[in-house]
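# Observations on chain architecture
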Protein chains: 2
Amino acid sequence: MKQSLGANPCIYPQPVLIVATFNADGTANAMNAAWGGVCDYKKISLILDKGHKTVKNLLERKAFTVSIADVPHVVQADYLGLVSGNTESDKVTKAGLTWTKSGTVDAPVIAEFPLTLECTLESYDESTERATAAVVNTLADSAILTEGKIDLQKFRPLTFDPVNHDYVALGGKAGKAFHDGKALMQ
Amino acid sequence: MKQSLGANPCIYPQPVLIVATFNADGTANAMNAAWGGVCDYKKISLILDKGHKTVKNLLERKAFTVSIADVPHVVQADYLGLVSGNTESDKVTKAGLTWTKSGTVDAPVIAEFPLTLECTLESYDESTERATAAVVNTLADSAILTEGKIDLQKFRPLTFDPVNHDYVALGGKAGKAFHDGKALMQ
């Protein structure tokens with residue numbers, strides 16, 4: 001029997017995205033965002049409240065990076081969501097994370113997260129608080145690759161459960177896309 | 001060592017969303033979409049190629065439902081992505097799925113998927129192919145609830161691996177959001 005839960009956009013799974021930007025003084029800022037995803041073959045979009053330091057920074061530099069938070073860094077990822085860049089000016093360092101300047105965009109790349117999208121801002125709409133960006137390059141630690149491809153036996157992205165506020169790991173392979181449904185085709 | 005993978009928006013995880021609409025003749029259509037997510041407290045957005053039957057339908061009825069595909073229905077979910085509603089007029093039935101009319105929006109609710117968002121269309125932008133919609137109600141099968149809340153011990157959503165084209169289940173709890181990072185606060 002189905003029950004009504006009300007107007008609850010409980011999309012599963014949601015990602016745990018670490019959005020990193022440069023502050024005006026050249027230190028690195030980063031925040032944790034769940035409302036984002038792919039919006040074109042080489043573009044992503046993120047909903048980012050205009051009050052975030054991140055928004056001020058990305059409007060200034062027209063660039064940011066997005067790292068996919070992983071299980072080994074769940075404490076750091078959560079910290080970046082708990083503390084505001086408006087009150088803590090050097091969050092990344094405080095989290096015990098390190099960074100280098102991206103080689104392709106004007107934004108920091110946090111070293112500890114093994115998968116990072118380097119992005120240039122295309123637009124930010126104040127009314128919907130939606131940023132769209134071109135992904136100009138993707139960096140992956142060789143430790144998560146097998147023959148040059150991301151391997152989920154090595155990479156352990158976090159996911160976010162929006163109802164229970166848990167971080168959840170990925171589990172086993174459940175099927176092959178563009179394949180398993182062929183069993184129903186005649 | 002980090003390697004460049006090029007302009008590859010490999011957000012992990014991605015959802016497996018089943019978007020259901022009514023055809024003009026009152027039969028149900030459904031497609032499989034990965035590019036979508038929450039865009040406001042009671043809104044979602046989806047990128048849907050304008051060539052899809054789904055887009056024609058949702059522009060006509062101004063409504064659709066989004067079910068979260070789950071592990072027990074991976075074959076049906078994949079079939080809905082492999083076959084076009086432009087050439088197969090009764091995909092949902094062909095997939096062996098059943099549906100009822102939503103009580104809140106002018107769209108079908110597929111019975112077999114245990115979690116469904118009932119949505120009214122707010123906008124569809126032809127250039128970006130982005131649909132935004134209000135979530136007016138959410139239906140959950142009581143089999144996936146514990147004390148009225150979605151329980152990932154009972155609900156097994158699929159996720160999509162965009163690099164390897166695998167469907168991947170969720171695994172175990174990896175942390176508590178808005179909590180674990182407190183260990184780094186002073």
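Look above for the structure.
Per chain, residues are indexed from 1 in the order of the written sequence. Chain labels run from A onward and ligand labels from 1 onward, assigned in the order the entries are written. Residue-level local features of this predicted model are given only where pLDDT is at least 70; pairs of side-chain atoms are given and counted only at 80 or more, and the full residue set underlies all totals for whole chains, interfaces and linings. Side-chain figures throughout are based on the complete set of non-hydrogen atoms in the structure, without hydrogens or water.

### Description of the sheet that holds strand β14 (residues 158–161) of chain A
- On the basis of which strands lie adjacent, the open sheet formed by six strands has the order β2(A)-β14(A)-β15(A)-β15(B)-β14(B)-β2(B) and antiparallel pairing. The open sheet terminates on both sides in strands that have one partner only, identified here as β2 (14–15) of chain A together with β2 (14–15) of chain B.
- Strand pairing is assigned whenever DSSP detects at least two bridges linking the two strands. Comment: elements are numbered from the N terminus, with helices defined as DSSP H or I runs of at least four residues and strands as E runs of at least two. As defined by bridge partners, strand β14 (residues 158–161) of chain B adjoins strand β15 (residues 166–176) of chain B across four bridges and the pair is classed as antiparallel. Residue pairing across strands places B:Asp161 opposite B:Asp166, the latter belonging to β15(B).
- Seen against the sheet, helix α2 (residues 74–82) of chain A touches β14 and β15 (166–176) of chain A together with β15 of chain B and runs at an angle of roughly 75° to β15(B).
- The contact criterion used is simple: two residues touch if any of their non-hydrogen atoms lie within 4.5 Å. Interaxial angle, 0 to 180 degrees, is taken between N-to-C directions of lines fitted to C-alpha atoms, where a helix line uses only the stretch in contact. Lying over the sheet, helix α2 (residues 74–82) of chain B contacts β15 of chain A together with β14 and β15 of chain B, oriented at roughly 75° with respect to β15(A).

### A look at the interface of chain B and chain A
- Between chain B and chain A, the residue contacts involve 87 residues of the former and 87 residues of the latter.
- For any pair of parts, buried area is found by adding up, for both, the accessible area (1.4 Å probe) each one loses once the two are put together. Contact between chain B and chain A buries roughly 7500 Å² in total, counting both sides, with carbon and sulfur atoms accounting for 66%.
- Whenever a nitrogen or oxygen atom comes within 3.5 Å of another N or O atom, the pair is scored as a polar contact, on the condition that within protein one atom can donate a hydrogen and the other can accept it, and that pairs from neighbouring residues in sequence are kept only if both atoms are in side chains. The tally of links from chain B across to chain A stands at 46 residue pairs in polar contact (both at pLDDT 80 or more).
- Considering every element that reaches the side of chain B that touches chain A, the biggest residue donor is β15(B), with 11 residues.
- In this sheet, strand β11 (residues 130–141) of chain B lies alongside strand β1 (residues 2–6) of chain A in antiparallel orientation, the contact comprising four bridges.

### A look at the pairing of strand β3 (residues 17–22) of chain B
Residue and element names in this part refer to chain B.
- Extensive coverage of β3 is indicated by the burial of six of its six residues.
- When β3 meets strand β4 (residues 28–33), the two strands line up antiparallel, connected through six bridges. Residue pairing across strands places Val19 opposite Met31, the latter belonging to β4.
- The hairpin formed by β3 and β4 contains five residues between the paired strands, and Gly26 there has a positive phi angle of roughly 90°.
- As judged from the four bridges shared by β3 and strand β7 (residues 63–68), these two strands associate in the antiparallel manner. For the exposure calls, accessible area comes from a 1.4 Å probe over protein chains only, and a residue counts as buried if that area is under 20% of its type's maximum, exposed if over 50%, partly exposed in between.

### Observations regarding unusual backbone geometry
Residue and element names in this part refer to chain A.
- In this structure, the amide linkage connecting Tyr12 to the following residue, Pro13, adopts the cis form with an omega of -15°.
- If you check the backbone angles, Glu129 has positive phi at about 60° while not being a glycine.
- With respect to the element layout, Glu129 can be found in the loop between β10 (115–125) and β11 (130–141).
- Here Glu129 falls in the buried class, since its relative accessible area comes to 17%.

### Observations concerning the nonpolar core
- Nonpolar core, defined: a set of buried Ala, Val, Leu, Ile, Met, Phe, Trp, Tyr and Cys residues in which side-chain atoms within 4.5 Å join the residues together. Core analysis: the biggest nonpolar cluster contains 30 residues, and A:Ile44, A:Phe64, A:Val66, A:Leu115 and A:Ile150 have the highest contact counts within it.
- Listed by contribution, the elements that provide at least two residues to this core are β3 (17–22), β4 (28–33), β6 (43–47), α1 (53–61), β7 (63–68), β10 and β11 of chain A.
- Counting residues per element, this core draws most heavily on β10(A), at five residues.
- Among residues more than four places away in sequence, those in contact with A:Leu115 are A:Val66, A:Ser67, A:Ile68, A:Thr138, A:Leu139, A:Ala140, A:Ile144, A:Ile150, A:Phe155, B:Cys10 and B:Tyr12.
- Membership of the second largest hydrophobic core comes to 29 residues, among which are A:Cys10, B:Ala131, B:Leu145 and B:Phe155.

### Some details on the pairing of β6(A)
All names here are of chain A.
- The buried fraction of β6 is high, at four of five residues.
- Linkage of strand β5 (residues 36–40) to β6, two consecutive antiparallel strands, is achieved through a turn of two residues.
- Alignment of β6 against β11, held across five bridges, turns out to be antiparallel. Within β11, the residue paired with Ile44 across the bridge is Ala133.

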